[in-house]
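Here is what each chain is made of, one letter per residue.
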Amino acid sequence: AYLSRGGSGQTAMAAVSGCVWALIPLLCDGYSSPQAVFYLTVVCGICAGAVTYGIAYAFVPISFIVPALLSVAGCLAYAGGFDNLSLAAMVLLYLAALVRGAVHSDRNFRASSRIRNEATAMAVQLRKAHAQSLDATQQLAFRASHDSLTGLLNREGFTDAATLHLAAHDGRQHALLLLDLDGFKAVNDAFGHKVGDRVLQDVAHWLQRETAEMQAVLGRWGGDEFALLYCLRNERQAPPEIAQALIRSISFATAHYGGHLGVSIGISLSGEAEVADMISFADEALHEAKRTGRN
């Protein structure tokens with residue numbers, strides 16, 4: 001509606017301007033004075049320029065050229081004579097050609113604008129689809145490598161991340177801790193699996209808090225087992241001290257279980273072993289910790 005009102009206003013202004021140019025015959029005695037050819041050339045040139053530059057809205061140049069050229073044709077026809085009548089006919093043909101050119105330019109402009117707008121809209125849709133596809137791919141990759149319950153890395157995700165971590169810190173000593181909750185079976189037996197799931201989530205959050213400064217790779221190895229790999233950077237990060245600190249603080253990990261919840265930890269320390277070997281060694285140590293009294 002706004003464009004329509006704007007176009008209507010421009011059309012009216014063009015018509016008024018065309019009517020002014022239609023008064024040119026007053027300057028050359030109705031195109032009968034010696035200067036008539038000059039004025040006729042000027043009017044025709046101005047009309048051609050109006051059509052040439054008015055490609056976006058045909059009614060504007062048409063409203064300008066019609067009064068000006070009709071006045072030319074009318075004056076020539078009124079003067080009479082074969083030459084004047086022939087020239088008047090040519091002016092009318094010229095007017096028809098200009099009108100046709102204006103309409104054709106208008107249609108081409110609208111068509112190209114529509115195609116350009118459609119292309120822009122399609123590009124926006126493609127960018128949106130690409131972003132959605134990328135987001136979906138990232139979500140799938142996250143789900144494939146992370147545990148759906150705790151949000152930690154799953155077994156495969158932990159193995160891959162730990163392998164990359166070892167490669168990035170090649171030659172430095174690493175510790176792998178394998179944690180198994182003590183008393184967790186009693187949680188499921190007494191309160192059900194829903195509460196057991198909440199406890200596992202709490203333990204995962206507790207591990208993330210306790211190891212936040214260690215830049216560690218943390219994952220749920222399966223069931224109530226968790227795995228932790230980190231690079232030893234100072235003496236405060238000695239694996240036995242870290243393990244003892246975790247054993248002491250496990251009782252504060254969850255408020256969803258009122259009974260005693262402990263943790264047994266197996267440790268593997270190496271500077272060059274692969275993840276699978278470190279897991280195997282830590283698992284043997286974990287079983288020994290379980291066998292000799294837990295916690």
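The structure we're discussing is the one just above.
A. Representation of the overall build of the protein chain within the structure. For the protein chain, the helix and strand inventory stands at 9 helices and 4 strands. Along the chain direction, N to C, the helices and strands of the protein chain fall in the order α-α-α-α-α-β-α-α-β-β-α-β-α. Taken over C-alpha atoms, the radius of gyration comes to 44 Å for the protein chain, far larger than the 19 Å a tight globule of 295 residues would show. C-alpha atoms of the protein chain, sized along the principal axes, occupy 130 × 45 × 25 Å. Put simply, the protein chain has 295 residues, and 38% of those count as buried. In the protein chain, once contacts between residues fewer than 6 apart in sequence are set aside, the share between residues at least 24 apart is 69%. If you sum the accessible surface of the protein chain, you get close to 17,300 Å²; carbon and sulfur atoms cover 60% of it.

B. Inspection of the nonpolar core at higher detail. Leu177, Leu179, Leu181, Val203 and Phe226 are the most contacted members of the largest nonpolar core, which has 29 residues in total. Secondary-structure elements contributing two or more residues to this core are strand S1 (174–182), helix H6 (184–191), helix H7 (193–210), strand S3 (225–231), helix H8 (239–249) and strand S4 (262–270). When near neighbours in sequence (up to four residues on either side) are disregarded, valine 203 contacts Leu181, Phe226, Ala253 and Leu261.

C. Fine view of the environment of glutamine 173. Structurally, glutamine 173 can be placed in the loop between helix H5 (155–168) and S1. Note on glutamine 173: relative accessible area 40%, which makes it partly exposed. The sequence separation of glutamine 173 and valine 37 amounts to 136 residues, and the corresponding C-alpha distance is 99 Å. Those residues in contact with glutamine 173 that lie beyond four places of it in its chain are Tyr230, Cys231, Leu232, Leu269, Ser270 and Gly271.

D. Region of the structure containing the environment of tyrosine 257. Looking at where tyrosine 257 falls in the secondary structure, it is placed in the loop between H8 and S4. Using a relative accessible area of 13% as the deciding quantity, one classes tyrosine 257 as buried. Residues tyrosine 257 and phenylalanine 158 lie 99 residues apart in sequence; the distance between their C-alpha atoms is 28 Å. In this structure, tyrosine 257 is in contact with Gly183, Ala186, Val187, Phe191 and Val199, ignoring residues within four places of it in sequence.

E. Geometry of the packing of aromatic side chains. Under the counting rule described, the total for this entry stands at 2 aromatic pairs. A ring pair is formed by phenylalanine 38 and tyrosine 39, whose centres lie 5.4 Å apart and whose planes are at 70°; its orientation type is edge-to-face. When the ring of phenylalanine 158 is compared with that of tryptophan 221, the centres are 6.0 Å apart and the planes differ by 80°; the resulting orientation is edge-to-face. Taken together, the positions of phenylalanine 158 in helix H5 and tryptophan 221 in strand S2 (residues 217–222) put the pair 63 residues apart, joining distant regions of the chain. Take phenylalanine 158: its relative accessible area is 0%, and that puts it in the buried class. Overall, the relative accessible area of 12% leaves tryptophan 221 in the buried class.

F. Spatial organisation of the pattern of salt bridges. Counting across every chain of the model gives 7 salt bridges. We note a salt bridge from aspartate 189 to lysine 185, for which the minimum N-O separation is 2.9 Å. Residue aspartate 189 and its partner lysine 185 are both found in helix H6; the two are separated by 4 residues, about one turn of the helix. Given the relative accessible area of 56%, aspartate 189 is considered exposed.

G. Quick look at the pairing of S1. Counted residue by residue, S1 has 9 buried out of 9 residues, so it is predominantly covered. Going residue by residue along S1, you find His174, Leu176, Leu178, Asp180 and Asp182 tucked away on one face and Ala175, Leu177, Leu179 and Leu181 tucked away on the opposite face as well. By the bridge criterion, 7 bridges tie S1 to S3 in an arrangement that is antiparallel. Following the sheet pairing, leucine 177 is matched in S3 by leucine 228. Two strands pair when backbone bridges link them, and S1 and S4 are joined in this way by 9 bridges, in the antiparallel orientation. Paired with leucine 176 across the two strands is serine 268, which belongs to S4.

H. Inspection of the pairing of S3 at higher detail. Buried residues dominate S3, accounting for 7 of its 7 residues. On S3, burial covers both faces: Glu225, Ala227, Leu229 and Cys231 on one face and Phe226, Leu228 and Tyr230 on the other are all buried. Bridging between S2 and S3 involves 5 bridges; their strand directions are antiparallel. Counterpart to glycine 219 in the pairing with S3 is alanine 227.

Thresholds applied
- Residues numbered from 1 in each chain as written.
- Predicted model: local features only at pLDDT ≥ 70, side-chain atom pairs only at ≥ 80, totals over all residues.
- Heavy atoms only, no water.
- Helix = DSSP H or I, 4+ residues; strand = E, 2+ residues; numbered from the N terminus.
- Rg over C-alpha atoms; globule rule 2.2 N^0.38 Å.
- Buried < 20%, exposed > 50% of the residue type's maximum accessible area, 1.4 Å probe, protein only.
- Contact = heavy atoms within 4.5 Å.
- Areas by Shrake-Rupley, 256 points an atom, 1.4 Å probe, with all protein chains shown as cover.
- Core = buried A, V, L, I, M, F, W, Y, C linked by side-chain atoms within 4.5 Å.
- Phe/Tyr/Trp six-rings, centres within 6.5 Å; stacked < 30°, edge-to-face > 60°.
- Salt bridge = Lys/Arg side-chain N within 4 Å of Asp/Glu carboxyl O.
- Pairing = 2+ DSSP bridges.

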